[in-house]
Amino acid sequence: GFIFYMAGDVFAMSMPALPAAGTVWALRAYVGEIIGPPGAYSFVPAPVRPFNAIGATAALEFGVSSVVAEAKTSDLRNVHTVPDPYYVKSAFESSTEQKVMKFVGLPQDAIIRIYSASGVLVRMLEHHGGQYSSTSNSQGSEVNWDLRNRNNQVVASGVYFYHVEAGDARRVGRFTVVNFAQ
């Protein structure tokens, strides 16, 4: 895009590419106010004061910053596990390699710590949503857990707790795993 100054006003144009050579532009600028009740609006032009002082110049300076904002506690209220409870009973999940639980609704960067009901750290997962493609189904807002602990063993049936940390925001939740067959 580009910005230009004309007739005392600043105009910003956002375009995917610059226009072709020889492109003709028509600018119509209106100064005034729109008054009246809904359905019966009218335009009242204001006197225009042109920018024509001798030796005067116009300058415009701006800066753009693209920064991912830190997550807030309210941003984590949608974090949850899918499925919950997790039942291992499908014929398609007969092997331990196919067991997957998802943490969804995550902000762009988060650390998930999974604890047993007795408070023992089972696993820590790091999530970096910026590494995902913009065309992915989850848009980088989910992470998979293979239901294995830090020793690469499939976890036992039980209630587990997760602690999500993203910047200064924190959230604690729980989920259940029911393993019928190991």
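It should be noted that the structure appears before, not after, this text.
Reference entry: report on the structure contained in this document. The model shown is predicted, which means the values in this text are computed figures rather than measured ones.

1. Some points on the nonpolar core
If you look at the biggest cluster of nonpolar residues, it comprises 23 residues, and the most contacted ones within it are Phe-103, Ile-112, Ile-114, Trp-145, Val-164, Phe-175 and Val-177. In terms of residue count, strand β11 (residues 158-166) provides more of this core than any other element does, four residues in total.

2. Some remarks on the side chain of Ser-116
By the secondary structure assignment, Ser-116 is in strand β8 (residues 109-116). Among the polar contacts made by the side chain of Ser-116, one reaches the side chain of Ser-118 at a distance of 3.0 Å.

3. Examining the packing of aromatic side chains
Enumeration according to the criterion identifies five aromatic pairs in this entry. Seen in terms of ring centroids, Phe-103 and Phe-175 are 6.0 Å apart; in terms of plane orientation they differ by 85°. Their pairing is edge-to-face. Taken together, the positions of Phe-103 in strand β7 (residues 101-104) and Phe-175 in strand β12 (residues 169-179) put the pair 72 residues apart, joining distant regions of the chain. Taken individually, Phe-103 and Phe-175 each receive the classification buried, so the pair is uniform in this respect. Ring geometry for Tyr-160 versus Phe-175: centroids 5.8 Å apart, planes at 20°, classification stacked. You can see Tyr-160 sitting in strand β11 and its partner Phe-175 sitting in strand β12, a full 15 residues away along the chain. Its relative accessible area of 7% is what places Tyr-160 among the buried residues. What makes Phe-175 buried here is its relative accessible area of 0%. In textbook terms, an aromatic cluster arises when at least three aromatic residues are bridged by ring pairs, as seen for Phe-103, Trp-145, Tyr-160, Tyr-162 and Phe-175.

4. Observations regarding the sheet that holds strand β6 (residues 86-88)
Taken in spatial order, the five strands make up an open sheet running β6-β12-β11-β8-β9, and their pairing is mixed. Strands at the two margins of the open sheet, each flanked by one partner only, are β6 and β9 (121-128). Neighbour to neighbour, the strand axes of the sheet diverge by 25° on average, direction disregarded. Relative to β9, β8 runs antiparallel, the two sharing seven bridges. Pairing of Tyr-115 across the sheet is with Leu-121, part of β9.

5. Some remarks on the pattern of salt bridges
For the structure on display, the rule yields four salt bridges. A salt bridge links Lys-102 to Glu-142; its shortest N-O distance comes to 3.2 Å. Placement of the pair is Lys-102 in strand β7 and Glu-142 in strand β10 (residues 142-145), with a sequence separation of 40 residues. Assessed through its relative accessible area of 27%, Lys-102 is described here as partly exposed. By relative accessible area, Glu-142 is classed as partly exposed at 21%. For Glu-165, the salt bridge is made with Arg-113, and the minimal N-O distance between the two is 2.9 Å. Of this pair, Glu-165 sits in strand β11 while Arg-113 sits in strand β8, and the two are 52 residues apart along the sequence. Given a relative accessible area of 22%, Glu-165 falls into the partly exposed group.

6. Comments concerning the sheet that holds strand β5 (residues 80-82)
The three strands are arranged β5-β7-β10 in an open sheet whose pairing can be described as antiparallel. With one partner strand each, in any of the chains shown, β5 and β10 form the two edges of the open sheet. Strand-to-strand twist across the sheet, computed as the mean angle between neighbouring axes with direction ignored, equals 30°. Of the pairings in the sheet, the one linking β7 to β10 comprises four bridges and is antiparallel in character. Note that in β10 the partner of Lys-102 across the bridge is Asn-144.

Conventions we followed
Residues numbered from 1 in each chain as written. Predicted model: local features only at pLDDT ≥ 70, side-chain atom pairs only at ≥ 80, totals over all residues. Heavy atoms only, no water. Core = buried A, V, L, I, M, F, W, Y, C linked by side-chain atoms within 4.5 Å. Buried < 20%, exposed > 50% of the residue type's maximum accessible area, 1.4 Å probe, protein only. Helix = DSSP H or I, 4+ residues; strand = E, 2+ residues; numbered from the N terminus. Polar contact = N/O pair within 3.5 Å; in protein donor to acceptor, adjacent residues only side chain to side chain. Phe/Tyr/Trp six-rings, centres within 6.5 Å; stacked < 30°, edge-to-face > 60°. Pairing = 2+ DSSP bridges. Axes fitted to C-alpha atoms, helices over the stretch in contact; angles between N-to-C directions. Salt bridge = Lys/Arg side-chain N within 4 Å of Asp/Glu carboxyl O.

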